[in-house]
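Structure assessment
The chain contents come next:
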Amino acid sequence: MNGHCEDSSPPTINSENPLIAMVGNPNTGKSALFNALTGAHQKVGNYPGVTVERKYGHMALPDGRPVEVVDLPGTYSLDPGSADERVTRDVLFGQMPNEKVPDILLVVLDATNLPLHLRFALQLLSLKIPTVFALNMVDMAQRDGLEINIELLSEKLGAKVIPTVAVRRRGIEELKQEVAHLVDQMAVHAPKKAENAAILEASGTPILQDISSYQPKASELTKEVTKVVHKAKGWSQKIDDIVLHPFLGPIILAGLMFFMFQAVFAWSQTPISWIEDGFTALEAFIRPLLPEGLFRSLIVDGVIAGVGSVLVFLPQILILFLFILLLEGSGYMVRAAFLMDRMMARVGLTGRAFIPLLSSFACAIPGIMATRSIEDPKSRLTTILIAPLMTCSARLPLYTVIIGAFVPDKEIGLKIGLQGLVMFLLYVAGIVAAMLVALVFRYTLAKGKSGLFLIEMPRYQTPILRDIVLGLWQRAMIFLKRAGTIILTVSVALWAVLAFPRAPEGVPQSEYSIAGRVAAALDPIMKPAGFNHAMTMAVIPAMAAREVAVSALATVYSIDSSDEDKTQESLIGTLRKAWPLSQALAFLAWFVFAPQCLSTIAVIRRETNGWKWPIFTLCYLFTLAYIAATIVFHVAQMFGL
Amino acid sequence: MRLNELPLKKAAVITDIDWSALTPEIGRRLRDLGFHKGAEVELKHFAPISHDPIACRVDRILIAIRQSEASVISVKAPDATPEPALSDKASPSLSTVGQA
């Protein structure tokens, strides 16, 4: 069961090479430094059993010797806290199964905030692992008017301190040299290290003092090594005065969100059409190569069409991630969470749930993955469970066809089209449903306080192109891997359900197939919800991905699907004649809720580590879909529609 | 005075944190972020409408914190003399907000 849809298998590393662990507070530029040190030689995965990213990389020392680097999750202390922070602690204490205890620590410090960072540095030094410090963001400190006596700091800490500016790759070579120096010394001091590990294991864990006990020493040390040359310029503060303004702030946030959605839809059109053209060309190329028959049907209708229907979402997902990475990299994301916290708290969530839910409008998969930043497990679970209710882009093709067929294309004043209004209402229905469901869950399943909203708001910075590109590349690979495995498997399975058993001459294949028979059996159940046989038929192949419902309807109404525009047009015409409005509305209501996206279910399984919650999601959403469709159908009938 | 009652953009010093009013995790998180007796704090921003959460500077970093957590942190303006005048001007509007 495991491992199939996972990328959690630990990336292989060469355990012979020395292992360097990067440790530091969040927002120190640790990831940027990791990227600068390892370049593209990285492997991103998960630690087994927890959804914490495991980032390994490979680095060459100045003399060419190879070392491995692990970027441990950012944490403020070794006192155990969130899942991320526990990973850092467990790896450093050698209590993480299958993980090597690091040979050398590379501790990243933020030069602009030494009192907080030195505190953690002192706690880490008590581990007695050979350590080198990267004093990062020295340029920012300079701008803030701070002069840091690096030599004195090195002397006081008893370990070399290297000034760096990770985003400009300054200090990288010096850092590598010092690592090389420590590697050389390792050979001499190896027994000493083993001795320390033994102390840790024998006494269990708590040989460390509480982090706040290091505070006085850290503050004193900061005073000793820092000279304030001039007052800070505070440009970050000036941005915040505008961005967090009680009145302007929300307007700026709304404007940004609006722009983001426009871009996700507008910018993706061209690349989507490339992908579609590519798959059409591929199909046209392969079709004549294979003999007519089942195998050709499997390859063309199953594999190519199935994988193609999912790959077209890649551009939208990448554009959305581009925005998310930019907003995160610049430091704005936390501000958005700050502005939205109160609203989310009304339904028992925190401001941190805002971003994942926002992402879910493009696709629930990145949205659910983004819930990792929510510390409170119950808030996180609730957010995961309601993410599929956000109107994702896969619902659009279906909404477009049904609205086009049944909602008259007229204006209702103020240049607002009726069709657009219905589309908008469908979005609102999803949001309102999500909020109500969240409220119910927070009082029942995921009972608890409304979670904690207590976070550092890092200063603004220009996002680094290299890191953005790397982030997009990693996201694209995760998505493609999924398309190549689960989605491929499911596409083939669905094809089989529609292709077998083979219908005799004169009987429509879709009716004769397993899917057709299942639909016939489901008909009596779906009838109260206003579903006719064609609708039920369309819903079955759409289990994999909802947008398949459109092509399924086209097949059911046996329309020639050679030309897409023609298909859409004639499908709209056919539907208009075949369905009363009450049935069409019930069909729309169904798709507001129905969890018809296997990738989403798979990602919920992965993020919640088990089948309990994905199965629960399926059940509760199908129930809601059924109830909503039934109510809409009967109310519409009452009005004689 | 409590952290959430401070007038905007006036530096103060943390005099006491009522750890007993916090769960161990929240207490740990506050310590992690550098809240400690003697730290310099300054109220910087309010969230729109409800004024909850607030953003405050603790030593050199900016932290978003909800009113409920901020209200267990006692603060005192560093020089006591100008304080009455300041709090007279600023506290009526702020304290009503804090209760709402």
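Residues numbered from 1 in each chain as written. Chains lettered and ligands numbered in written order. Predicted model: local features only at pLDDT ≥ 70, side-chain atom pairs only at ≥ 80, totals over all residues.

Bringing the domain arrangement of chain A into the picture now. All names here are of chain A. Domain annotation for chain A reports domain 1 (19-228), domain 2 (255-285 + 305-442) and domain 3 (492-638). A separation of 21 Å is found between the C-alpha centroids of domain 2 and domain 3. Listed per partner, the contact involves 27 residues of domain 2 and 30 residues of domain 3. Contributions of two or more residues to the side of domain 2 that touches domain 3 are made by helix 11 (294-311), helix 15 (364-369), helix 16 (377-386), helix 17 (396-406) and helix 18 (418-443). Ranked by residue count, the leading element in the side of domain 2 that touches domain 3 is helix 17, at 8 residues. For the side of domain 2 that touches domain 3, the class distribution of residues is 21 nonpolar, 5 polar and 1 charged. (Domains from an automatic or database assignment. Contact = placed C-beta atoms within 7 Å. Helix = DSSP H or I, 4+ residues; strand = E, 2+ residues; numbered from the N terminus. Nonpolar A, V, L, I, M, F, W, Y, C, P; charged D, E, K, R; others polar.)

Here the amide bond leading from Asp52(B) into Pro53(B) is cis, since omega sits at 0°, within 30 degrees of zero. Along the polypeptide, Pro53(B) turns up in the loop between strand 2 (40-46) and strand 3 (54-58). Not every positive phi belongs to a glycine, and Asn609(A) is a case in point at roughly 60°. The topology assignment puts Asn609(A) in the loop between helix 26 (598-608) and helix 27 (612-638).

Turning next to the interface of chain A and chain B. It is common to give the size of an interface as the accessible area lost on bringing the parts into contact. Listed by partner, the interface residues are 27 residues for chain A and 27 residues for chain B. Elements with a contribution of two residues or more to the side of chain A that touches chain B: helix 3 (114-125), helix 9 (248-266), helix 13 (332-346) and strand 10 (454-457) of chain A. Here the side of chain A that touches chain B takes 5 residues from helix 13 of chain A, the largest share from any one element. Of the residues assigned to the side of chain A that touches chain B, the class counts are 15 nonpolar, 7 polar and 5 charged. Two elements, strand 10 of chain A and strand 4 (residues 61-65) of chain B, share 4 bridges in a ladder whose sense is antiparallel. Opposite Met457(A), over in strand 4 of chain B, you have Leu62(B) as the bridge partner. (Pairing = 2+ DSSP bridges.)

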